[in-house]
Amino acid sequence: MNHSVLVTGSSGRIGRAVVAELQRRGHRVRGFDRVPFSGLADTFLGDLSDRALLDQAMTGINCLIHLAATPDDADFLEELVPNNLVGVYHVLESARAAGLSRAVLASSGQANWWQQTRGPLPIRASDPVSPRYWYAATKMFLEAIGYGFAETHGMSVITARLGWCPRDAGQVAEIRASERFQDVYLSPADAGRFFAGCVEAPTHLRHAVVYATSKPRRQAIFDLEAARTLVGYEPQESWPMGIDDQK
Ligand SMILES: NC(=O)c1ccc[n+]([C@@H]2O[C@H](COP(=O)([O-])OP(=O)(O)OC[C@H]3O[C@@H](n4cnc5c(N)ncnc54)[C@H](O)[C@@H]3O)[C@@H](O)[C@H]2O)c1
């Protein structure tokens, strides 16, 4: 079945890969971002604070992939609050009003940061969280309201705790220097496959929290079993495959 998918953050590192994979599979894709990207004609250009524009963008959509956010620690009041907290409020309320049946929300492996070095491994979604800092705390807010939406409104909500898909050469160098970071690497193509699996997962899936990385090279830091069984995700790459894939 083909879906109509709104991808927020569609111009970003992961967003571009997700758009490409959804298009390849024949889904109808619309973007929403505050910066343009030439690879997707049907894109709403604006900020998550613009509820009226979000409402327009949701028209005719049945599945949301919410990626737009400040993707790491940054000034809390200036960046994280408007983008990662207030933005989540607007996008989810807009999705609810438009009657979307599924929302896929981008959380982060930073939700359980300290267990990555202290163990036990691999980390499962059922393990207690250990957020790294303010950015990870905003993802806890996202995860919490995702659960609330699934229970309160019956929306199917999949929360994705993502591994590390580097956005620039500096991040690539950081991953190259660390075996642990290589084991949580998420290639753009695997990210695309993962999110496409979330879109295509059975409609009866009401709520799930899953980890997504590429194939670990040495040790599984995150348990990928839930992603395998619930959304049919099978990573096909491992570090450093795909790092030059900067479309
Ligand atoms: N890349 C990673 O390693 C990684 C790991 C874990 C989680 N994530 C999460 O995945 C998502 C995508 O990350 P990414 O690496 O592609 O980041 P990115 O910065 O490349 O892309 C984010 C996009 O969101 C847009 N955006 C941000 N705030 C916005 C706003 N207020 N209104 C409209 N657009 C806005 C940006 O313009 C950008 O194009 C984020 O939610 C991030 O927290 C990423």
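Our subject is the structure listed above.
Scoring rules and cut-offs
- Residues numbered from 1 in each chain as written.
- Predicted model: local features only at pLDDT ≥ 70, side-chain atom pairs only at ≥ 80, totals over all residues.
- Heavy atoms only, no water.
- Helix = DSSP H or I, 4+ residues; strand = E, 2+ residues; numbered from the N terminus.
- Buried < 20%, exposed > 50% of the residue type's maximum accessible area, 1.4 Å probe, protein only.
- Polar contact = N/O pair within 3.5 Å; in protein donor to acceptor, adjacent residues only side chain to side chain.
- Contact = heavy atoms within 4.5 Å.
- Core = buried A, V, L, I, M, F, W, Y, C linked by side-chain atoms within 4.5 Å.
- 1 Å grid on protein atoms, 1.4 Å probe; cavity = no way out; pocket = protein on both sides within 12 Å on 5 of 7 lines; lining within 4 Å.
- Points joined across faces, edges and corners; volume = space filled by probe spheres on them.
- Nonpolar A, V, L, I, M, F, W, Y, C, P; charged D, E, K, R; others polar.
- Phe/Tyr/Trp six-rings, centres within 6.5 Å; stacked < 30°, edge-to-face > 60°.
- Lys NZ or Arg CZ within 6 Å of the ring centre and 35° of its normal.

Trainee: Sorry if this is basic, but what is going on with the side chain of Gln182 here?
Mentor: Position of Gln182 among the secondary structure elements: in helix α7 (residues 179-183). Given a relative accessible area of 6%, Gln182 falls into the buried group. Here Arg218 takes part through its side chain, which lies 3.1 Å from a polar atom of the side chain of Gln182.

Trainee: Hey, could you run me through the environment of Cys63 in this one?
Mentor: Relative to the helices and strands, Cys63 resides in strand β4 (residues 63-66). When its relative accessible area of 1% is taken as the criterion, Cys63 is described as buried. Distance from Cys63 to Glu200, taken between C-alpha atoms, is 9.7 Å for residues 137 residues apart in sequence. For Cys63, the contacting residues outside a window of four places in its chain are Ser4, Val5, Leu6, Leu100, Arg102, Val104 and Val199.

Trainee: How should I be thinking about the nonpolar core in this particular structure?
Mentor: One recurring pattern in soluble globular proteins: nonpolar side chains tend to sit buried together. In this structure, Val7, Leu22, Ile65, Leu162, Phe194, Phe195 and Val231 are the most contacted members of the largest nonpolar core, which totals 32 residues. Listing elements by their share of this core, those giving two or more residues are β1 (4-8), α1 (13-24), β4, β5 (102-108), β6 (156-162), α8 (188-200), β7 (207-212) and α9 (225-231). The element best represented in this core is α8, accounting for six residues. Once residues lying within four places of it in the same chain are set aside, the contact partners of Leu162 are Ile14, Ala106, Ser107, Ser108, Gly109, Leu186, Phe194, Phe195 and Ala212. Core analysis: the second largest hydrophobic core is formed by 23 residues, Ile61, Leu142, Ala150 and Met155 among them.

Trainee: Looking at this model, I keep getting lost on empty space enclosed by the protein. Mind explaining?
Mentor: With a probe scaled to a water molecule rolled over the atoms, the places where space remains empty come into view. In total, this model carries one cavity of 30 Å³ or more according to the counting rule given. Of the volumes computed, that of the largest cavity is approximately 60 Å³. In terms of lining residues, the largest cavity is bounded by His66, Leu67, Ala68, Ala69, Asn83, Asn84, Val88, Ala106, Thr138, Lys139 and Leu142. If you list the elements that add at least two residues to the lining of the largest cavity, you get α3 (76-97) and α5 (134-153). Residue classes in the lining of the largest cavity are distributed as six nonpolar, four polar and one charged.

Trainee: Hey, could you run me through the packing of aromatic side chains in this one?
Mentor: Each aromatic ring pair is summarised here by two numbers: the centre-to-centre distance and the angle between the ring planes. What the rule picks out here adds up to eight aromatic pairs. Aromatic side chains Trp113 and Trp114 sit 6.5 Å apart centroid to centroid with 85° between the ring planes, which places their arrangement in the edge-to-face category. Relative accessible area serves as the criterion here: at 15%, Trp113 is assigned to the buried category. The interplanar angle of 80° and the centroid separation of 5.1 Å between the aromatic rings of Phe194 and Phe195 together place this pair among those described as edge-to-face. Taking the relative accessible area as the measure of exposure, Phe194 reaches 0% and is therefore buried. In this structure an aromatic cluster arises from ring pairing among Phe76, Tyr133 and Trp134. If you follow Arg132 out to its NZ or CZ, it ends over the ring of Trp113, 4.1 Å from the centre. Above the ring of Trp113, the side-chain terminus of Arg180 is found at 5.0 Å from the ring centroid.

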